[in-house]
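A look at the structure
Take a look at the letters that make up each chain.
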Amino acid sequence: FFSTASENDARGGADVGLEVECWKSPREHGEVWAVASVDPKGSLLVIGTRKHRNSSANVVSFEDSRAEEYEVVQQLVIERDYGAFNSVDVSESTAAVAIACQKAICVFALGNAQQDRTAQFRLGDRAVCCRWSAHDAHVLCVAHGESGEISLLDTRLSESSATVLKVRAHAYASRCATFSSSSGHILATGGDDGALRMWDTRNCASDAAALCSINGAHEHSVCSVRFHPRFGLAATCGTDGLGRIWDINSACSAERSTRSRLRNSMLSGECQHPSLLMTCPDHDDAVYDVAWAHDDDFNLASVSFDGRFCLRPMLDDARYRFLLT
């Protein structure tokens with residue numbers, strides 16, 4: 001677990017210090033595969049683990065900074081038939097936990113019980129990533145891997161009718177999908193075709209074009225896309241070892257247009273694509289996730305198969321170009 005502290009230097013830059021603490025998974029739980037924060041302070045985490053075909057998740061409290069004081073307050077057990085654990089996300093509004101496994105999506109309620117699973121959705125396709133909508137506490141987006149598809153699930157509905165939207169988003173495997181933090185209708189996806197695509201879920205059918213598409217956003221697979229919690233920015237990372245920051249204001253402003261105006265602007269080429277603000281060449285191997293800092297609007301963290309964690313502030317030039325646009 002990393003906590004950051006920034007102090008501005010005389011040149012207007014930032015010296016970022018890291019305080020590092022560690023929670024070690026019990027041996028019987030196997031590999032730590034994904035982590036999601038329950039609260040903004042990060043004092044309560046959901047840590048997903050997997051060992052062979054057995055998967056589980058632990059809700060871990062670390063109110064005290066001493067490692068021996070960490071406490072597993074809840075265990076979320078996943079049925080072996082659902083396959084290996086792939087990702088976890090926590091709803092900001094309800095604190096519900098969604099876990100994507102190879103063959104199912106499991107939804108848990110946080111509480112004092114040993115486990116309190118509220119729903120499970122067995123899928124015909126593999127689920128590699130799931131993310132809650134920030135504007136609808138019951139809606140999840142799911143990336144399905146090899147099929148190239150993404151879907152929306154309404155967790156209030158029965159398993160047979162929960163999939164309310166499914167679209168072929170990428171020519172090859174879809175790797176990530178996430179909702180915009182500022183609009184409940186904008187969805188961003190990335191895949192093995194190297195493309196970053198944004199969708200308006202109100203006007204999206206299986207044969208519909210994306211709201212905008214950047215082919216070649218990364219040279220190889222796009223592993224993760226994260227919207228900034230406050231500004232019109234998105235960060236992506238990929239197997240080309242790069243992190244990238246995009247100005248998405250133009251795409252989000254197009255979403256606010258009427259459908260007919262949006263369709264005409266797309267046909268005429270007037271709907272602008274997100275523009276690349278900054279490339280972060282911080283790693284020597286595939287970058288598999290990025291995250292925006294909670295305590296600084298323009299700090300971006302990344303983790304890579306090269307074994308390194310990097311925290312990079314946006315360059316002044318990129319920040320000023322964005323703020324003055």
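To be clear, the structure that these remarks concern was listed above.
Residues numbered from 1 in each chain as written. Predicted model: local features only at pLDDT ≥ 70, side-chain atom pairs only at ≥ 80, totals over all residues. Heavy atoms only, no water.

1. Topic: the overall build of the protein
Within the protein one finds three helices and 25 strands. Per-residue burial over the protein gives 49% buried out of 325 residues. Residue pairs at least 24 apart in sequence account for 45% of intrachain contacts in the protein once pairs closer than 6 positions are excluded. (Helix = DSSP H or I, 4+ residues; strand = E, 2+ residues; numbered from the N terminus. Buried < 20%, exposed > 50% of the residue type's maximum accessible area, 1.4 Å probe, protein only. Contact = heavy atoms within 4.5 Å.)

2. With respect to the environment of Ser133
Mapped onto the fold, Ser133 is located in the loop between β11 (129-132) and β12 (139-143). Take Ser133: its relative accessible area is 5%, and that puts it in the buried class. Along the primary structure Ser133 and Ile186 are separated by 53 residues, whereas in three dimensions their C-alpha atoms are 9.8 Å apart. The residues touching Ser133, leaving out its near neighbours within four places in the chain, are Val139 and Phe179. Within the local environment of Ser133, its side chain forms a polar contact with the backbone nitrogen of His135, the two atoms lying 3.1 Å apart. Among the polar contacts made by the side chain of Ser133, one reaches the main-chain amide nitrogen of Asp136 at a distance of 3.2 Å. (Polar contact = N/O pair within 3.5 Å; in protein donor to acceptor, adjacent residues only side chain to side chain.)

3. Some details on the sheet that holds strand β24 (residues 299-304)
Sheet strands pair by backbone hydrogen bonding; their relative direction is either parallel or antiparallel. Here we have three strands laid out as an open sheet, ordered β23-β24-β25, and antiparallel in their pairing. Sheet topology places β23 (287-292) and β25 (309-313) at the edges, where each strand pairs with a single neighbour. Between one strand and the next, the sheet's axes are offset by a mean angle of 20°, whatever the strand orientation. Pairing of β23 with β24, which is carried by five bridges, proceeds in the antiparallel orientation. By the bridge assignment, Val287 is partnered in β24 with Ser304. (Pairing = 2+ DSSP bridges. Axes fitted to C-alpha atoms, helices over the stretch in contact; angles between N-to-C directions.)

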